[in-house]
Structures are given as C-alpha cells and as structure tokens.
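# Understanding the architecture of this molecule
Read off the chains here:
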Amino acid sequence: SRDDSPLDEDVFWYCTTCRACLEVCPVYGAAFEAVIKNRVWAVEEGTQVPALLSQTLEKLFKYQNPWESSKRKRGAWADGLDVVDLTKKGAEADLCYFVGCTTSFDDTAQRIARAFTKVLKTARVSFGILGKKEPCCGDIAHRVGELGLFEEQREGCLQVFDEYGITEIVTSSPHCFHAFRNEYPDAPFRARHYSLVLKELLDAGKLSFNGSVSATVTYHDPCYLGRHNRIFDEPREIICAIPGIRLIEMPHHGADSLCCGGGGGRMWQDLRGEVKMSEVRIREAAATGAEILVTACPLCLIMLEDARKAVGLKPPFRIMDLNELVLEAMRSARGTQNV
C-alpha cells in the first residue's frame with residue numbers, strides 16, 4: 001500500500017540513488033532504498049511516472065537500450081577500429097568488453113569506448129565485443145523500479161554470456177559494473193569496471209607513458225564506482241602515475257563526492273525547478289584551478305560536459321574520461337595528443 005509511504009507526490013523521482021544519504025546518516029539509513037520501493041509501486045500502478053521516463057522504459061523493452069529505436073546500431077561506434085566481434089563464428093578473446101547502452105549510442109560517451117579500445121590495443125590485450133548482440137544489463141530498469149523488466153534483461157544477459165562463453169567482463173559504466181557485481185547472484189562470470197583493468201595493466205607494466213602531460217587535474221568520483229562500490233583509489237593511482245600530472249582534489253571528493261545528477265534514471269527524466277547538480281559540480285571543479293576534470297562514467301561525462309557548456313567554461317578547461325587521459329599520455333611522446 002502507498003498509505004505507509006514516507007514520500008509524497010512525485011518527489012521520489014528526483015533521487016539520483018547516489019548513496020550520499022547513507023554516508024551522512026548517523027543511523028545508517030538508506031533513504032534511496034525507500035525511494036526505489038516508491039518507484040516500484042508507481043510503475044506497478046502506472047501512476048505518477050514521468051512521461052519521458054515512460055518513453056524510456058518503452059525503448060528499453062522494445063530495443064534493449066534507452067537511446068535508439070534500433071538494436072543494429074549498437075556496435076557502430078567500433079567501425080574502423082578492427083575490434084573482434086565475439087558473436088562471430090570462431091572469434092575468441094580473453095576479455096569481453098561490455099560497452100553498455102549509453103557508451104554505445106551517445107556521441108559524447110562513445111569517446112570512452114574508442115579511447116579504451118585504443119588503450120587495450122596498445123597494451124596488447126586480447127579482447128572483443130558483443131556488437132549488435134550486446135544486451136542491456138538491466139541497471140536502468142532496476143533503478144527506476146521496473147523490476148519485471150530488470151529480471152528479463154538479467155536473464156537475457158546471462159543467456160548471451162552463456163551462448164558465447166563469456167567469463168571475463170570489463171564494463172564502460174560503473175552502473176553496468178554495479179549490476180553485474182551486486183545484482184546477478186551466483187553469476188558465472190567476473191565483471192570489472194575499466195578502471196580496475198587499467199590499474200592491473202599499470203601494475204603489470206603494460207601501460208607505457210612515453211611522455212608527460214603537463215596539466216593540473218581534478219577527479220570526479222562517479223557515485224556507482226565510489227560510494228556504491230568503494231573504488232576510490234585506483235583511478236587516482238592511474239592519474240598520478242602519468243608524468244607531468246598534478247592531481248588536486250575538490251572540497252567534495254571520495255565518499256563525500258557530489259553527484260553529477262544523472263544516476264537513478266535521472267538522465268531520462270525532465271524534472272523542473274531544481275538546481276542542476278551537474279552545474280554545482282562543474283563550478284566546484286573549475287574553482288580548484290584545474291585545467292582538466294577527469295571522470296570514469298559515461299553518465300558523468302555527459303552531464304558534466306553539458307554543464308561545462310551551460311555555465312560557459314571554455315578551454316583550456318576541459319572534461320576527459322580517464323581512458324582519454326591515459327591514451328593521451330601513452331601517445332604524447334609522438335606528438336599525437338588528440339584522442
């Protein structure tokens with residue numbers, strides 16, 4: 001029943017499920033869990049679901065992604081990159097790169113996939129992708145309370161992984177990583193976010209920084225990488241290993257990081273009246289004096305890039321995915337810094 005709900009009207013759609021409430025609560029109460037329960041009720045009843053989100057759920061159901069009315073374009077980002085398609089007969093690789101919906105379809109987020117692919121190739125890693133047969137991990141459906149669709153998408157993923165013998169997975173998105181790691185019980189595969197793979201390559205001496213990137217940078221912790229999965233150190237260790245880089249922290253960082261505003265399904269809602277979290281964050285980043293804001297999530301990259309434009313921040317200030325920074329450092333000695 002909705003009668004015992006502590007939340008009124010549509011306020012529960014504003015939550016980004018960033019987990020900051022749990023970090024600061026003296027009794028360790030997870031308000032975002034109550035939010036998701038309210039969303040489940042709303043979705044089951046078909047009431048109070050924002051129109052844009054309803055359209056997104058329809059796309060997720062029909063096309064296995066929230067962006068495009070097509071499944072065929074999912075692997076188009078890799079055109080010309082000579083990436084192994086693990087769904088082709090006889091294709092083999094040690095690692096499956098699970099690109100994810102947003103990184104596959106959004107123009108800004110595709111930068112992550114292209115840069116990570118080039119880093120893996122340079123490091124001579126055996127990897128492949130699922131191309132147009134890559135399914136949705138189910139994260140978006142779960143966060144917005146469509147648990148039936150989440151169960152379908154989880155089963156779909158498990159079937160695809162089993163069909164193509166996938167046991168080692170690396171994800172673009174902390175959200176896919178979180179779903180695989182925490183919401184696929186007894187999963188017959190190991191999933192890692194790309195920052196963990198980069199750190200392993202760094203430790204193994206397979207990331208060779210041929211020159212320096214002379215810049216001051218600050219790092220934005222994605223909520224589902226940091227607070228939800230406690231991965232704070234590895235991205236920073238990678239950044240600090242690049243010659244010439246100076247890392248300066250924002251006032252809010254680590255477990256106290258601010259959210260970009262895109263999680264919990266907020267990327268696919270048009271809610272009015274609130275201060276944009278992404279613009280608060282981009283101003284905090286710029287105030288550090290850093291030239292580069294680095295992040296490690298496709299949603300964060302999109303939200304912060306849009307915020308940069310909205311507040312009028314111009315070069316030399318720029319926003320980069322961690323893969324782009326690593327690739328620039330690997331190429332810098334050859335004078336090819338554009339990624």
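Reference entry: report on the structure contained in this document.

Parameters and conventions
Each chain carries its own residue numbering, running from 1 in the direction its sequence is written. Whole-chain, interface and lining totals are the exception, using all residues; otherwise, since this is a predicted model, local features are given only for residues with pLDDT of at least 70 and side-chain atom pairs are given and counted only at 80 or more. Heavy atoms from the whole structure form the basis of all side-chain values; hydrogens and water molecules are not counted. Space inside and on the surface of the protein is sampled on a 1 Å grid over the protein atoms alone, with a cavity defined as a set of points where a 1.4 Å probe fits but cannot get out and a pocket as an open set with protein on both sides within 12 Å along at least 5 of 7 lines; lining residues have an atom within 4 Å of a point. Grid points are joined across faces, edges and corners, and a volume is the space filled by probe spheres set on the points. Strands here are runs of E lasting at least two residues and helices are runs of H or I lasting at least four, both read from the DSSP assignment and numbered beginning at the N terminus. By the convention used here, strands pair only if DSSP detects at least 2 bridges between them. Orient the strands so they point away from the viewer; a crossover is then right-handed if the path from the first strand over the helix to the second runs clockwise. An axis is simply a line fitted to the C-alpha atoms; with a helix, the fit covers only the stretch in contact. Between two such axes, the angle follows the N-to-C directions and lies from 0 to 180 degrees. Residues are treated as being in contact if the distance between any of their heavy atoms lies within 4.5 Å. Nine residue types can take part in a nonpolar core, namely buried Ala, Val, Leu, Ile, Met, Phe, Trp, Tyr and Cys, and a core is a set of them joined through side-chain atoms within 4.5 Å. The classification of residues rests on relative accessible area computed with a 1.4 Å probe and restricted to protein chains. Under 20% of the type maximum is buried, over 50% is exposed, and intermediate values are partly exposed. Gly counts as polar in this scheme, as do all residues outside two lists: the nonpolar Ala, Val, Leu, Ile, Met, Phe, Trp, Tyr, Cys and Pro, and the charged Asp, Glu, Lys and Arg. For patch detection, residues must exceed 30% relative accessible area and be free of salt bridges, and they are connected within 9 Å for like charges or within 5 Å for nonpolar side chains (Val, Leu, Ile, Met, Phe, Trp, Tyr). Where accessible areas are quoted, they stem from the Shrake-Rupley method and a 1.4 Å probe; at the residue level, only the protein chains shown are allowed to cover. Here a salt bridge means any side-chain nitrogen of Lys or Arg lying within 4 Å of a carboxyl oxygen belonging to Asp or Glu. When charges are counted, Lys and Arg contribute as positive and Asp and Glu as negative, whereas His and the chain ends are disregarded. By convention, the charge on Lys lies at NZ, on Arg at CZ, on Asp at CG and on Glu at CD. Polar contact is defined as a pair of N or O atoms within 3.5 Å, subject to the rule that within protein one atom must be able to donate a hydrogen and the other to accept it, and that residues adjacent in sequence are counted only when both atoms are side-chain atoms. Expected helix span is computed as 1.5 Å times (number of residues minus one). The reported arc concerns the directions from the helix axis to the C-beta atoms and nothing else.

Our next topic: the layout of surface pockets. The space that makes up the largest pocket amounts to roughly 380 Å³. Lining of the largest pocket is provided by 18 residues; of these, R266, Q269, K276, S278 and M303 occupy positions nearest its centre. Counting residues per element, the ones that place at least two in the lining of the largest pocket are α11 (277–287) and α12 (298–311). With five residues, α12 is the largest single contributor of residues to the lining of the largest pocket.

A separate point is the pairing of strand β9 (residues 318–321). Pairing between strand β8 (residues 292–295) and β9: four bridges, direction parallel. Bridge pairing links V294 to M320 in β9. The parallel pair β8 and β9 is bridged by α12, and the resulting crossover is right-handed.

Here the focus is the sheet that holds β9. Taking strand neighbours across the sheet as the criterion, the four strands line up as β7-β6-β8-β9 in an open arrangement whose pairing is parallel. With one partner strand each, in any of the chains shown, β7 (245–247) and β9 form the two edges of the open sheet. Between one strand axis and the next, the sheet turns through 35° on average, direction left out of account. In the packing of α12 onto the sheet, contacts are made with β8 and β9, and the angle to β9 comes to roughly 170°.

So, on to the nonpolar core. Membership of the largest hydrophobic core comes to 80 residues, with the highest contact counts inside it found for Y97, L325 and V326. Filtering out sequence-adjacent residues up to four positions away, L325 remains in contact with V213, I239, I242, I245, I292, V294 and M320.

Here we take up the sheet that holds strand β1 (residues 84–85). Pairing in this open sheet of five strands is parallel, and the strands run β1-β3-β2-β4-β5 from one edge to the other. In this open sheet, the two strands that pair with only one neighbour each are β1 and β5 (190–193). Here strand β4 (residues 168–171) pairs with β5 via four bridges, running parallel. Residue E168 lies in a different strand from β5, and its bridge partner there is R190. Against the sheet, helix α5 (residues 110–122) contacts β2 (95–98), β3 (127–129) and β4, and its axis sits at roughly 165° relative to β2. Together, β2, β4 and β5 form the strand contacts of helix α8 (residues 174–182), whose direction differs from that of β5 by roughly 155°.

What follows covers empty space enclosed by the protein. Per the stated rule, a full pass over the model turns up three cavities of 30 Å³ or more. In this structure, the largest cavity spans a volume of roughly 170 Å³. As for the largest cavity, its lining consists of 19 residues, of which T102, D139, I140, S173 and H175 are closest to the centre. Elements with a minimum of two residues in the lining of the largest cavity: α4 (101–105), α6 (139–143), α8 and α12. Its residues assigned to classes, the lining of the largest cavity comprises eight nonpolar, nine polar and two charged. The computed volume of the second largest cavity comes to approximately 80 Å³. Forming the boundary of the second largest cavity are 14 residues, of which H175, C223, C259, C260 and G263 lie nearest the centre. Taken together, the residues that form the lining of the second largest cavity break down as nine nonpolar, five polar and no charged.

Here we come to a positive patch on the surface. A cluster of basic residues, R72, K88, K132 and K133, forms a positive patch on the protein surface. Relative to the helices and strands, K132 is located in the loop between β3 and α6.

Right, let's get into unusual backbone geometry. The phi angle of most residues is negative, glycine excepted, and most peptide bonds adopt the trans form. A cis amide bond links P315 with the next residue in sequence, P316, at an omega value of 20°. Unlike most non-glycine residues, T17 shows phi in positive territory, near 55°. In this structure, T17 sits in the segment before α1 (20–24). The class for T17 is buried, based on a relative accessible area of 0%.

Within the structure, the side chain of T17 is placed 2.6 Å from the side chain of Y224, a separation counted as a polar contact. Discounting residues that sit within four places of it in the chain, T17 has contacts with F32, I36, R39, R143, Y224, H228, G263 and G264.

It is worth spelling out helix α3 (residues 51–63) at this point. Taking 1.5 Å per residue as the helical rise, α3 with its 13 residues ought to reach 18 Å, and the 18 Å between its terminal C-alpha atoms agrees with that figure. L53, T56, L57 and L60 are the residues of α3 that are buried. In a view along the axis of α3, the buried residues occupy a sector of 100°, so they form one face of it. Exposed side of α3, more than 90 degrees from the buried face: A51 and Q55 are the residues found there. On the buried face of α3, the contacting elements are α6 and α7 (147–163). Downstream of α3 by one or two residues, Q64 has phi in the positive range, about 65°.

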